[in-house]
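Residue strings, one per chain:
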Amino acid sequence: MKRGLVIGKFMPIHQGHIALINFAATQCDELIVSMSFNEMDPINGDLRFSWITEIFKGQSKIKVHKIIDDFDDEALPLEKRTKIWANRMREVYPSIDTVISSELYGESFAKNLKAQPILFDIERKIISVSASLIRQNPFAYWNFIPPVVRPYFVKKICFYGAESTGKSTMAKKMAVLYQTEFVPEVAREIITSNDFTVDDIIKIGHAQTQRIIDKTKIANKLLFCDTDIITTEIYSQIYLKQVPAILHELEKQIQYDAYFLFDIDVAWVEDGVRDMGEKRAEMMYMFKNALDVRNIKYTLVSGNYQQRERIVMDRIQSMLTG
């Protein structure tokens, strides 16, 4: 049996890596894909490993492994570095017959491993991308990122603030404009009045969090969220005079890339549920203070609707272009 080896950090795995691995699988009977990692990596090793195994789960000849990256010495010349690599590969893997690579180290590494070198797209003519380019500007290379990896790079945007300030309308409008998804205020699907219980508020917290997780998986670069768990906590304190501890735990699960705090300088619109019309200034203070005590930066959205839309779009454009 001919056994091949592909190594890399795959940080993240992209279409170039996938092409390399699929090509490598045609060159041997069994292919070991060895993903190296350490605690200092900018993308978690377990997460990267899960992406690779998901992508190749239907290909039995491809065996994905992860190995702690504690044996390299970048100060050494390439020949000596790859000799160290080869020695570690012999310790942890069965005999390797061929090394398939799209990097310049491939021939030296194969030589030290006493294996046949096979180079693939070394000049990046087939797929012109690298993991470092993706990390620097994922949206510029979005089409090179596999669907299973894209949720990691999706920017989550929270439209946040008191009642009747245009958050829901803005979330829907931006989702259409940027051809992506939005998360509504899930509480309105669960309760129909402000007469609710602690169990209700916990249910809302779980449902809002799960909806964000689910929508992130299918979002196109951006995910617009109408409200967050901090909002749930604020209303829990107002109506129930308590905040269940689980809400604080749920708050930690979702990290937003941008907060937009919607000002109250627009007309109040009654909808049968809203009842804080006479306390708008007080509510504005509570929402702003909740961000301030958490040291969360935000963009204030104020003015008429066109002005608000321009504020949001300008900030989003800066996020898309890096």
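Quick note: structure is the one above.
Residues numbered from 1 in each chain as written. Predicted model: local features only at pLDDT ≥ 70, side-chain atom pairs only at ≥ 80, totals over all residues. Heavy atoms only, no water.

(A) How the structure looks around helix α12 (residues 280-293). End to end, α12 covers 20 Å across 14 residues, agreeing with the expected 20 Å (1.5 Å per residue, within 8%). When α12 is considered as a whole, its buried residues turn out to be R280, M283, M284, F287, A290 and L291. On an axial view of α12, the arc spanned by its buried residues comes to 130 degrees, and they lie on one face. Structural note: α12 exposes A281, Y285 and V293 on the side pointing more than 90 degrees away from its buried face. Structurally, α12 contributes buried residues whose contacts are with β6 (155-161), α10 (229-240), β9 (258-262) and β10 (299-301). N295 sits one or two positions beyond α12 and adopts a positive phi of about 60 degrees. (Helix = DSSP H or I, 4+ residues; strand = E, 2+ residues; numbered from the N terminus. Expected span 1.5 Å × (residues − 1). Buried < 20%, exposed > 50% of the residue type's maximum accessible area, 1.4 Å probe, protein only. Arc of directions from axis to C-beta. Contact = heavy atoms within 4.5 Å.)

(B) Expanded view of the environment of N220. Within the element layout of this structure, N220 appears in the loop between α9 (198-216) and β8 (222-226). Considered as a pair, N220 and V129 are 91 residues apart in the sequence and their alpha carbons are 20 Å apart. Residues within four places of N220 in sequence aside, it is in contact with W142, Y178, Q179 and T180. Reaching out from N220, the side chain makes a polar contact with the backbone oxygen of Q179 at a distance of 3.2 Å. (Polar contact = N/O pair within 3.5 Å; in protein donor to acceptor, adjacent residues only side chain to side chain.)

(C) Representation of the packing of α9 against helix α11 (residues 245-253). Here α9 crosses α11 at 10 degrees, and the two axes come no closer than 10 Å. Considering the angle they form, α9 stands roughly parallel to α11. Packed against α9, whose contacting residues are I201, I202, G205, H206, T209 and I213, the element α11 presents I246, L247, L250 and Q253 at the interface. The residue makeup of the contact of α9 with α11, split by class, is six nonpolar, four polar and no charged. (Axes fitted to C-alpha atoms, helices over the stretch in contact; angles between N-to-C directions. Parallel < 35°, antiparallel > 145°, perpendicular 65-115°, else oblique. Nonpolar A, V, L, I, M, F, W, Y, C, P; charged D, E, K, R; others polar.)

(D) Summary view of the packing of aromatic side chains. Taken as a whole and assessed by the stated rule, the structure comprises 17 aromatic pairs. For the pair W51 and Y152, a centre-to-centre distance of 5.5 Å together with 75 degrees between the ring planes defines the contact as edge-to-face. Here Y152 lies in helix α6 (residues 150-153) and W51 lies in helix α2 (residues 45-55), a separation of 101 residues in the sequence. For the ring pair F196 and Y239, a centre distance of 5.5 Å and an interplane angle of 65 degrees mean the geometry is edge-to-face. Placement of the pair is F196 in the loop between α8 (187-190) and α9 and Y239 in helix α10, with a sequence separation of 43 residues. The exposure class of F196 is buried, given its relative accessible area of 8%. You can call Y239 partly exposed: its relative accessible area is 22%. Three or more aromatic residues link up through ring pairs in this structure, and these residues are Y160, F196, Y235, Y239, Y256, Y259 and F287. Its guanidinium or amino end placed over the ring of F37, K66 lies 5.8 Å from that ring's centre, counting from NZ or CZ. Over the aromatic face of F49 sits the side chain of K66, whose NZ or CZ is 5.3 Å from the ring centroid. (Phe/Tyr/Trp six-rings, centres within 6.5 Å; stacked < 30°, edge-to-face > 60°. Lys NZ or Arg CZ within 6 Å of the ring centre and 35° of its normal.)

(E) Broad picture of the pattern of salt bridges. Within the structure shown, the criterion is met by 21 salt bridges. Between R310 and D314 there is a salt bridge, with its nearest N and O atoms 3.2 Å apart. Taken together, the positions of R310 and D314, both in helix α13 (residues 305-321) and four residues apart, correspond to about one turn of that helix. Taking relative accessible area as the criterion, R310 reaches 45% and is therefore assigned partly exposed. (Salt bridge = Lys/Arg side-chain N within 4 Å of Asp/Glu carboxyl O.)

(F) Up close: the packing of α10 against α11. Two elements in contact, α10 and α11, have axes separated by 9 Å at closest approach and are oriented at 160 degrees. As summarised for this structure, α10 and α11 are arranged roughly antiparallel, according to the angle between their axes. Crossing hand, α10 versus α11: left-handed. Of the residues in α11, those in contact with I229, I230, T232, E233 and S236 of α10 are L247, H248, L250 and E251. (Left-handed = near helix turned anticlockwise from the far one by under 90°.)

(G) Representation of the sheet that holds strand β2 (residues 30-37) in the model. Read from one edge to the other, the open sheet built from five strands follows the order β3-β2-β1-β4-β5, with strand pairing classed as parallel. The open sheet has two edge strands, β3 (62-68) and β5 (116-119), and neither has a second partner. Neighbour-to-neighbour, the strand axes of the sheet open up by a mean angle of 25 degrees, direction not taken into account. Across the sheet, helix α3 (residues 78-92) touches β1 (3-8), β2 and β3, and the angle it forms with β3 is around 115 degrees. (Pairing = 2+ DSSP bridges.)

(H) Quick look at a nonpolar patch on the surface. Together, L104, L119 and I122 give the surface a local cluster of nonpolar side chains, amounting to about 290 Å² of exposed area. Among the structural elements, L119 can be located in strand β5. Classification of L119 by relative accessible area gives partly exposed; the value is 38%. (Patch = residues over 30% accessible without salt bridge, like charges linked within 9 Å, V, L, I, M, F, W, Y side chains within 5 Å. Areas by Shrake-Rupley, 256 points an atom, 1.4 Å probe, with all protein chains shown as cover.)

(I) Local environment of the pairing of β2. Counting buried positions along β2 gives seven out of eight residues, so the element sits mostly inside the fold. Where β1 meets β2, six bridges bridge the pair, whose relative direction is parallel. Bridging across to β2, V6 finds its partner in V33. As for the winding sense of the linkage, the β-α-β connection from β1 through helix α1 (residues 15-25) to β2 is right-handed. Assessed by its sense of winding, the connection that carries the chain from β2 through α2 to β3 is right-handed. (Right-handed = clockwise from strand over helix to strand, strands pointing away.)

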